[in-house]
Protein chains: 2
Amino acid sequence: MPLTDIPPSVPQKPRRGRPRGAPDASLAHQSLIRAGLEHLTEKGYSSVGVDEILKAARVPKGSFYHYFRNKADFGLALIEAYDTYFARLLDQAFLDGSLAPLARLRLFTRMAEEGMARHGFRRGCLVGNLGQEMGALPDDFRAALIGVLETWQRRTAQLFREAQACGELSADHDPDALAEAFWIGWEGAILRAKLELRPDPLHSFTRTFGRHFVTRTQE
Amino acid sequence: MPLTDIPPSVPQKPRRGRPRGAPDASLAHQSLIRAGLEHLTEKGYSSVGVDEILKAARVPKGSFYHYFRNKADFGLALIEAYDTYFARLLDQAFLDGSLAPLARLRLFTRMAEEGMARHGFRRGCLVGNLGQEMGALPDDFRAALIGVLETWQRRTAQLFREAQACGELSADHDPDALAEAFWIGWEGAILRAKLELRPDPLHSFTRTFGRHFVTRTQE
């Protein structure tokens, strides 16, 4: 999923006393997370160094190591922050009671596309990026990334159940399997949109995926 | 697409005279390409250094710079070699005249899965990996990666046309759009299988994608 609006505040995990050189520790933490999300959704983990993050966040090295043991620890904190941010994005689309369930999914994909468009389709999904790089990442990233994807899938499966309950989706679909297929394809579409720097792959995916609904409900 | 069997020989682009320290230049080139494909399908581009490739290929630095100006040039050569290797893999599945068109696509996905299984689902698709990393790669990688994906899609669209001609696929599908959706989803499935180190995401994708055929042909 693309990064649309980075969360203004994220959970903090201070480790030692107040960091030297950071007059507002909370602000420094936020700046680091924000810069990390911006850089890693665009370039992934391996190609981004801590120095690049410090420079973008305008935060001294001491502040970074106040909050994070090392780059790997920072990476895990970014996954957590992205998860928090994403939960709110999904709330906004999936809990919109004025829309039918499948329209809420479409709202989500539109919001995601708008988020990518704001950054010229250069930023993708943190989870997709790190998932692709997993072979080069610390092994505890794996469970964190799978956990986030499973959360998104559970919420999407719930949406499909609601769509079945109101007759928008045929009962012969397995909501969990369909939700998994949605996220597999959607991550593929984000990857491709980022590669091509345009929204067309997102449309191509949603159009084809949407046929599952149309063909089944029209039977 | 996962790397199954790396091509025994690949096109060579010697630049200067015979490299010093490499008794068999052709063998050195092959070793470099092979090591590059092995490492980059697992770890991507950014996290793998030239020294790691030299060590794996057991080739001196001079040989590397005989064939490749730099790491970026090597990366482009790997995309070309992967394209060559992949063309043969697609030939093997898509030109199998003993099978109906859609069975050839299923053969391809099975072969791909077997290829991933041989390496414990740690190696994915070079094109997917580099596509995901594009924000950190030299810009001429973009056209090369899109070009390869479009070639795969054209071949797959042709297969869908054959499936339509023999009544396996409804005529109301746009073969090009369906082929694009296949590759978007398949790359997403490879990413996810690599993340989870298991084939389940591949099955989840092919099952859901396959419903396009079933629902349409049974109408």
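Residues numbered from 1 in each chain as written. Chains lettered and ligands numbered in written order. Predicted model: local features only at pLDDT ≥ 70, side-chain atom pairs only at ≥ 80, totals over all residues. Heavy atoms only, no water.

### Some thoughts on unusual backbone geometry
Residue and element names in this part refer to chain A. Not every positive phi belongs to a glycine, and Leu197 is a case in point at roughly 55°. Here Leu197 shows up in the loop between helix H8 (175-196) and helix H9 (200-217). Looking at Leu197, the relative accessible area reads 27%, which means it is partly exposed. (Helix = DSSP H or I, 4+ residues; strand = E, 2+ residues; numbered from the N terminus. Buried < 20%, exposed > 50% of the residue type's maximum accessible area, 1.4 Å probe, protein only.)

### Describing the UniProt feature "DNA-binding region" (unreviewed entry) in chain A
Following the UniProt record, one finds the feature "DNA-binding region" (unreviewed entry) at residues 49-68 of chain A. Counted over residues 49-68 of chain A, helix gives 75% and strand 0%. Its end C-alpha atoms are 14 Å apart. (UniProt positions renumbered as here; feature names shortened; annotations may be inferred.)

### Let's talk about the relation of the copies chain A and chain B
Expressed as a screw operation, the relation of chain A to chain B combines 0.0 Å of axial shift with a rotation of 180°, fitting to an RMSD of 0.0 Å. Here the copies are linked by what is in effect a two-fold axis. The share of interface residues of chain A whose copies in chain B are also at the interface is 100%, consistent with both copies meeting through the same surface. (Least-squares fit on C-alpha atoms with pLDDT ≥ 70 in both. Contact = heavy atoms within 4.5 Å.)

### Considering the packing of aromatic side chains
To describe a pair of aromatic rings, one takes the distance between the centres and the angle between the planes. Residues and elements named next belong to chain A. If you walk through the whole model with that rule in mind, you get 46 aromatic pairs over all chains. Aromatic pair Tyr82 and Trp152: ring centres 6.3 Å apart, planes at 55°, arrangement tilted. You can see Tyr82 sitting in helix H4 (residues 71-94) and its partner Trp152 sitting in helix H7 (residues 140-165), a full 70 residues away along the chain. Across this residue pair, the class does not change: Tyr82 and Trp152 are buried. (Phe/Tyr/Trp six-rings, centres within 6.5 Å; stacked < 30°, edge-to-face > 60°.)

### Thoughts on helix H4 (residues 71-94) of chain B
Three- or four-residue spacings in an α-helix give side chains the same orientation, since the helix completes a turn every 3.6 residues. Helix length check: H4(B) (24 residues) gives 33 Å between terminal C-alpha atoms against 34 Å at 1.5 Å per residue, within 8%. Two to three positions downstream of the cap, the backbone nitrogen of Ala72(B) sits 3.2 Å from a side-chain oxygen, assigning the N-cap of H4(B) to Asn70(B). (Expected span 1.5 Å × (residues − 1). Polar contact = N/O pair within 3.5 Å; in protein donor to acceptor, adjacent residues only side chain to side chain.)

### As for the interface of chain A and chain B
Listed per partner, the contact involves 42 residues of chain A and 42 residues of chain B. Approximately 4,000 Å² of surface area, both sides summed, lies buried where chain A meets chain B, with 56% of it carried by carbon and sulfur atoms. Where chain A packs against chain B, one counts two salt bridges. Notably, a salt bridge pairs Arg211(B) with Asp172(A), separated by 3.5 Å at the nearest N-O pair. Viewed at the interface, chain B and chain A are joined by 18 residue pairs in polar contact (both at pLDDT 80 or more). Residue assignment for the side of chain A that touches chain B shows that the elements contributing at least two residues are helix H1 (25-43), helix H6 (126-132), H7, H8 and H9 of chain A. Sorting elements by how many residues they give to the side of chain A that touches chain B places H8(A) first, with 14 residues. (Buried area = accessible area lost by both parts, 1.4 Å probe. Salt bridge = Lys/Arg side-chain N within 4 Å of Asp/Glu carboxyl O.)

### Observations regarding the pattern of salt bridges
Residues and elements named next belong to chain A. Under the definition given, this model contains 22 salt bridges over all chains. Among the ionic pairs, Glu196 bridges to Arg198, the shortest N-O distance being 2.8 Å. The exposure class of Glu196 is buried, given its relative accessible area of 10%. Exposure remark for Arg198: the relative accessible area of 36% places this residue in the partly exposed category. Among the charged side chains, a network of salt bridges with common partners joins Arg192, Glu196, Arg198 and Asp200.

### As for the UniProt feature "domain: HTH tetR-type" (unreviewed entry) in chain A
Mapped onto this structure's residue numbering, the UniProt feature "domain: HTH tetR-type" (unreviewed entry) falls at residues 26-86 of chain A. With 80% helix and 0% strand, residues 26-86 of chain A has end C-alpha atoms that lie 21 Å from one another.

### Quick notes on the packing of helix H5 (residues 101-118) of chain B against helix H8 (residues 175-196) of chain B
Residue and element names in this part refer to chain B. Put simply, H5 and H8 touch, their axes get as near as 12 Å, and they point 25° apart. When the interaxial angle is binned, H5 and H8 end up roughly parallel. For H5 against H8, the interelement crossing comes out right-handed. Of the residues in H8, those in contact with Leu105, Phe108, Thr109, Ala112 and Met116 of H5 are Phe182, Trp183, Trp186, Ile190, Ala193 and Lys194. Each residue belonging to the contact of H5 with H8 can be placed in one class, and the counts come to nine nonpolar, one polar and one charged. (Axes fitted to C-alpha atoms, helices over the stretch in contact; angles between N-to-C directions. Parallel < 35°, antiparallel > 145°, perpendicular 65-115°, else oblique. Left-handed = near helix turned anticlockwise from the far one by under 90°. Nonpolar A, V, L, I, M, F, W, Y, C, P; charged D, E, K, R; others polar.)

### A closer look at the side chain of Ser204(B)
Along the polypeptide, Ser204(B) turns up in helix H9 (residues 200-217). Of the polar contacts made by the side chain of Ser204(B), one reaches the side chain of Glu180(A); its length is 3.2 Å.

### Digging into the packing of helix H5 (residues 101-118) of chain A against H7(A)
Residue and element names in this part refer to chain A. Their axes nearest at 8 Å, the elements H5 and H7 cross at an angle of 145°. Seen from H5, the contacting residues are Pro101, Leu102, Arg104 and Leu105; seen from H7, they are Thr156, Leu159, Phe160, Glu162 and Ala163. When grouped by side-chain class, the residues that make up the contact of H5 with H7 number six nonpolar, one polar and two charged.

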